[in-house]
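Commentary on secondary and tertiary structure
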Amino acid sequence: MRAFFSGDLCIKSTITNEFISKDLKDKIEECEIVYTNLEGPCLRERDILPIKKAGPAISQNKDNVRILKKIGFNLFGLANNHIMDYGKKGLEDTLSVLKDCGASYIGAGLSEEEAYSVYRYVKDCRVSVIAVAEKQFGCINDSTCGFAWMNDSRVEEIIRSEKKISDYVIVTCHCGAELFDKPLPEVRFLYKNFIDFGADAVIGHHPHICQGIEEYKGRPIFYSLGNFAFEDFGDYPLDVAYIGAVVVIDIDSAKKMTYEILPVAYNSEGITLCDEEKFIRWITGKSIELKEQQKYLNEINNYCIKIYDNVYEDYILKGCGLYFHSFKSSLSTLVKLMLKRRDKDYLLQWHNFAVETNRWIIERALSLKHN
């Protein structure tokens, strides 16, 4: 049995069968499970309004799922911070599109039971796949529909129960610091917990950049596969936002698991396998750096302080309704500003502290800056 796992996918334009290159398509055709993270809803109607949130609201072409299914993709992860960008209606449209073309999905739903449901492959071996995400706008724990939360107590229960009936349990998780090439220590701790619960592999996405591989108790953790295909991602270098990785997991007749990492490149013409030695060395290098504990921690600490100074300090002020970047204003002026707080201020404040990655960065930066 072979399983193909890719990272974040969001395509607004209409794709064709040639969107996936032949060499990559050959790899897909060898696999019984073919997974990607569907980042953003597939809307049937274009006049649906986005939810109130901090950050952009995105969606993608509803017809693309049918093409991807035809190519071989049969499992779509919905546990991510954009799947609920257009609310319950957007999720309903997405589920309808997936069901119409016969594709399976995990990680989100119109009930908690559906959101925390498990994909099970049962043929020559038994494999369970679970999808969860860090807490962002759209988490089902805050509503009657949405995506599965990685820190819900049910996740441990699900992993443990699936391990009792499956040969292999694979957890996919949408979490981490965006555009930073290393996982935070808290992410490493969380993913190792998944292994302790019984997972045989953990596959991460969300950072939009690869973050290295680590083996824990003989089981692989892929901290981030980066983007699989993310259209209009912005003005970033090709080797950051437009080159990612896929992992092919192979379970042989003796039920032994091995894996292969394949770099992929995305451009306006589609996705192809990437054989750039530079990129392959880069992925390997990130994995080695995770073992160099002091160097790793120094880079993490420097990153957290830098992003706090450049981003989060302003975010916190804005979340409190303070738009003058100085406390030289009179007390009465500050009070007036706070009394005039707008909805988006509260949304940004929630985003600063409810999202685990944001909170971890802020906590680490403040503890380092103030001993």
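Residues numbered from 1 in each chain as written. Predicted model: local features only at pLDDT ≥ 70, side-chain atom pairs only at ≥ 80, totals over all residues. Heavy atoms only, no water.

1. Details of the layout of surface pockets
Here is the rule we go by: Think of a 1 Å grid over just the protein atoms. A cavity is a set of points where a 1.4 Å probe fits yet cannot get out, a pocket is an open set with protein on both sides within 12 Å along at least five of seven lines, and lining residues have an atom within 4 Å of a point. Grid points are joined across faces, edges and corners, and a volume is the space filled by probe spheres set on the points. Only Asp, Glu, Lys and Arg are considered charged in this grouping, and only Ala, Val, Leu, Ile, Met, Phe, Trp, Tyr, Cys and Pro are considered nonpolar; every other residue, Gly among them, is considered polar.
Looking at the largest pocket, its volume works out to about 890 Å³. Surrounding the largest pocket, 36 residues form its lining, P56, E178, H206, Y315 and H351 being those nearest its centre. A breakdown of the residues in the lining of the largest pocket according to their chemical character gives 18 nonpolar, 11 polar and seven charged.

2. Some remarks on the packing of aromatic side chains
Counted only if it meets this: Only the six-membered ring of Trp is used, alongside the rings of Phe and Tyr, when aromatic pairs are assigned; centres must lie within 6.5 Å, and planes under 30 degrees apart are stacked while those over 60 apart are edge-to-face, with the rest tilted. Secondary structure elements are taken from DSSP: a helix is a run of H or I of four residues or more, a strand is a run of E of two residues or more, and numbering for both begins at the N terminus. Between buried and exposed lies partly exposed: a residue is buried under 20% and exposed over 50% of the maximum accessible area for its type, with that area taken using a 1.4 Å probe on protein chains only. Two limits define a charge over a ring: the Lys NZ or Arg CZ must be within 6 Å of the ring centre, and within 35 degrees of the ring normal.
Within this structure, the stated rule accounts for 11 aromatic pairs. Ring centres 6.3 Å apart and planes at 75° place the aromatic pair F4 and F228 in the edge-to-face group. Placement of the pair is F4 in strand 1 (residues 2-10) and F228 in strand 13 (residues 227-230), with a sequence separation of 224 residues. By the burial criterion, F4 is buried, and F228 matches it. In textbook terms, an aromatic cluster arises when at least three aromatic residues are bridged by ring pairs, as seen for F4, F73 and F228. Sitting over the ring of W149, K135 keeps its end group 5.3 Å from the ring centre. Above the face of the Y116 ring, R154 is positioned so that its terminal group lies 4.2 Å from the ring centre.

3. Overview of the nonpolar core
Note the following rule: By convention a nonpolar core is built from buried Ala, Val, Leu, Ile, Met, Phe, Trp, Tyr and Cys residues, the set being connected through side-chain atoms within 4.5 Å.
Membership of the largest hydrophobic core comes to 67 residues, with the highest contact counts inside it found for F4, F5, F73, V127 and F228. Take this core: its biggest share by element is five residues, from strand 14 (residues 243-251). With 41 residues, the next largest nonpolar core counts I158, Y191, I195 and V202 among its residues.

4. Remarks on the confidence of the model for the protein chain
Filter applied, for reference: pLDDT: the predictor's confidence for each residue, scored from 0 to 100. The contact definition used throughout considers only heavy atoms, calling two residues in contact when any of these lie within 4.5 Å.
Averaged over every residue, the pLDDT of the protein chain is 89; residues scoring 70 or more account for 89%. Predicted confidence is poor over residues 324-328, with pLDDT under 50, and the contacts of this stretch with residues over four places away or in other chains come to eight contacts.

5. Focus on unusual backbone geometry
One non-glycine residue, L179, lies in positive phi territory at about 60°. As for its position among the elements, L179 is in the loop between strand 9 (168-174) and helix 6 (185-197). Of note in the backbone geometry, H208 takes a positive phi value of approximately 65° without being a glycine. Along the chain, H208 falls in the loop between strand 10 (201-205) and strand 11 (213-216). Its relative accessible area of 4% is what places H208 among the buried residues.

6. With respect to the packing of helix 5 (residues 153-165) against helix 6
When two helices pack together, you describe them by how their axes are tilted relative to each other and by the distance separating the axes. The cut-off we apply is this: For helices, the fitted line uses only the C-alpha atoms of the stretch in contact; every axis is such a line through C-alpha atoms, and the angle between N-to-C directions lies from 0 to 180 degrees. Any angle between 65 and 115 degrees counts as roughly perpendicular, while under 35 counts as roughly parallel, over 145 as roughly antiparallel, and the rest as oblique.
Where helix 5 meets helix 6, the closest approach of the two axes is 8 Å, and the angle between their N-to-C directions is 40°. In terms of orientation, helix 5 lies oblique with respect to helix 6. For the pair formed by helix 5 and helix 6, the contact residues are V155, E156, I159 and R160 on the first element and F194, D196 and F197 on the second. Grouping the constituent residues of the contact of helix 5 with helix 6 by class yields four nonpolar, no polar and three charged.

7. Examining helix 6
How we decide: By this rule, a helix spans an expected 1.5 Å times one less than how many residues it contains.
Its 13 residues give helix 6 an end-to-end C-alpha distance of 18 Å, which sits within 8% of 18 Å, the value for a rise of 1.5 Å per residue. Here helix 6 has its buried residues at P185, V187, R188, L190, Y191, K192, F194, I195 and F197. Just downstream of helix 6 lies G198, where phi reads positive at about 135°.

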